[in-house]
Amino acid sequence: MLPMLIVSEILWWIMFLILYGTGAMVGWKLVKLIVTHTPIPVPLAIVIAFPLSVIAICFVAGLLCRLLPRLKPGVYGKKDTTMQLAWGLQYLLTRVLFLGPMLPFIQFSLILRWFAWRAMGANVELGSMMSSDIPLPDMPLIEAARGSLVGSRSRLSTHLMMGGKLTLGPIILGPGAVVGGDCNISPNVKIGEKSILSFSVLVAQDVTIGKNVFVGKLVRIGSNVTIGDDAVVETESKIPNGTVIPPGGRWLNPKEDRHVGRLEEASDQAADEDTAEA
């Protein structure tokens, strides 16, 4: 274990020196060029050169990312050293690029954020919105269409470590899909067009959510769940593993049991109509 930690630390510093050494060199040359050929003072030249230095850092990170084996969805044991190593190096590179002070600077700029994500292999369209505090450790497995949005403190986790095995799976956000704040999305999850996940929703792995679905706050969705188009999941309910909610269905959260919900049936609809008539 200790040798691996030492190797990891060495690789982190090598990546740090490559990325930020390149950024510093580009920045220094730009400042000299600006000061030499224009009347602009040094402080203003530094301000002008800084964003270009960040772009250079993202560009070099993208080149290093392209040199690594591309992450592929699947379950990998200890013998699958190629993918385990590729994931580890990708994770280190992402941590170096989005280092402390760099994270808010990149994330608050729409253009820089999109450029950095694309450089690191994420399939995101310009116009997708993610909060600046969202960690994205495995960018090649993230896909976000135009108009999709992810709220503050949410986590898009495309990897899972269990029993010594590494699970990798994509997270796909369709056009206009919304993931509210404090949500936790696991590997192999697809959220369809214009679907909405409210505040603090937990989605386990291998889940498909169709188009125009509404999921209330504090919902827990188990693994291998399929939610059809135009379905509704009520607030604070729990969907067990392997559940299939048909298109247009409604997953209820009965008053007497706040832990496990159930699919709305015709008798429920009739009871609602009788109540309304009364």
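Here, the structure is the one placed above.
Residues numbered from 1 in each chain as written. Predicted model: local features only at pLDDT ≥ 70, side-chain atom pairs only at ≥ 80, totals over all residues. Heavy atoms only, no water.

Trainee: Would you take a moment to explain the pattern of salt bridges for this structure?
Mentor: Under the counting rule described, the total for this entry stands at 3 salt bridges. In this structure, Arg146 engages Glu125 in a salt bridge whose closest nitrogen and oxygen atoms are separated by 4.0 Å. Residue Arg146 is located in the loop between strand 4 (142–144) and strand 5 (149–150), and its partner Glu125 is located in the loop between strand 2 (123–124) and strand 3 (129–130); the two are separated by 21 residues in the primary sequence. As a salt-bridge pair, Arg153 and Asp182 come within 3.1 Å of each other at their nearest N and O atoms. With Arg153 in the loop between strand 5 and strand 6 (155–156) and Asp182 in the loop between strand 10 (178–179) and strand 11 (184–185), this residue pair connects regions lying 29 residues apart in the sequence. Taking relative accessible area as the criterion, Arg153 reaches 52% and is therefore assigned exposed. (Salt bridge = Lys/Arg side-chain N within 4 Å of Asp/Glu carboxyl O. Helix = DSSP H or I, 4+ residues; strand = E, 2+ residues; numbered from the N terminus. Buried < 20%, exposed > 50% of the residue type's maximum accessible area, 1.4 Å probe, protein only.)

Trainee: Looking at this structure, how should I read the pairing of strand 8 (residues 165–168)?
Mentor: Consecutive side chains of a regular strand alternate in pointing toward one face of the sheet and then the other. Pairing of strand 1 (residues 74–76) with strand 8, which is carried by 3 bridges, proceeds in the antiparallel orientation. Each bridged residue has a counterpart across the sheet, and for Gly74 the counterpart in strand 8 is Leu168. For strand 7 (residues 159–162) and strand 8, the ladder comprises 4 bridges, and the chain directions are antiparallel. Looking at the pairing, Met161 lines up with Leu166 of strand 8. Following strand 7, the chain reverses through 2 residues before pairing antiparallel with strand 8; Gly163 in that reversal takes a positive phi of roughly 60°. (Pairing = 2+ DSSP bridges.)

Trainee: What's the story with the environment of Cys65 in this structure? I'm lost.
Mentor: Within the fold, Cys65 resides in helix 2 (residues 42–67). Its relative accessible area of 6% is what places Cys65 among the buried residues. Discounting residues that sit within four places of it in the chain, Cys65 has contacts with Gln90, Leu93, Ala119 and Met120. (Contact = heavy atoms within 4.5 Å.)

Trainee: Is there a simple way to explain the nonpolar core in this structure?
Mentor: In globular proteins that are soluble, nonpolar side chains generally tend to be buried together. Leu19, Leu97, Met130, Leu173, Ile185, Ile221 and Ile227 are the most contacted members of the largest nonpolar core, which totals 57 residues. When residues of this core are assigned to their parent elements, the largest contribution, 6 residues, is made by helix 2. Leaving out residues up to four positions away in the same chain, Ile221 has contacts with Val201, Leu202, Val203, Ala204, Val207, Ile209, Val215, Ile227 and Ile239. Core analysis: the next-biggest nonpolar cluster, separate from the first, contains 8 residues, Leu71, Tyr76, Leu141 and Leu168 among them. (Core = buried A, V, L, I, M, F, W, Y, C linked by side-chain atoms within 4.5 Å.)

Trainee: What's the story with unusual backbone geometry in this structure? I'm lost.
Mentor: What you tend to see is this: most non-glycine residues have negative phi, and most peptide bonds are trans. The phi angle at Asp182 is positive, at roughly 60°, despite the residue not being glycine. Judged by relative accessible area, which is 26%, Asp182 ranks as partly exposed. One non-glycine residue with positive phi stands out, namely Asn188, at about 60°. Mapped onto the secondary structure, Asn188 falls in the loop between strand 11 and strand 12 (189–191).

Trainee: What am I meant to see in the sheet that holds strand 15 (residues 207–209) here?
Mentor: Hydrogen bonding along the main chain pairs the strands of a sheet, whether they run parallel or antiparallel. Taking strand neighbours across the sheet as the criterion, the 7 strands line up as 2-4-9-12-15-18-21 in an open arrangement whose pairing is parallel. Looking along the sheet, the strands with just one partner apiece sit at the ends: strand 2 and strand 21 (244–245). With 2 bridges joining them, strand 2 and strand 4 adopt parallel strand pairing. Opposite Val124, over in strand 4, you have Ala144 as the bridge partner.

Taken by themselves, the reported measurements are silent on function.
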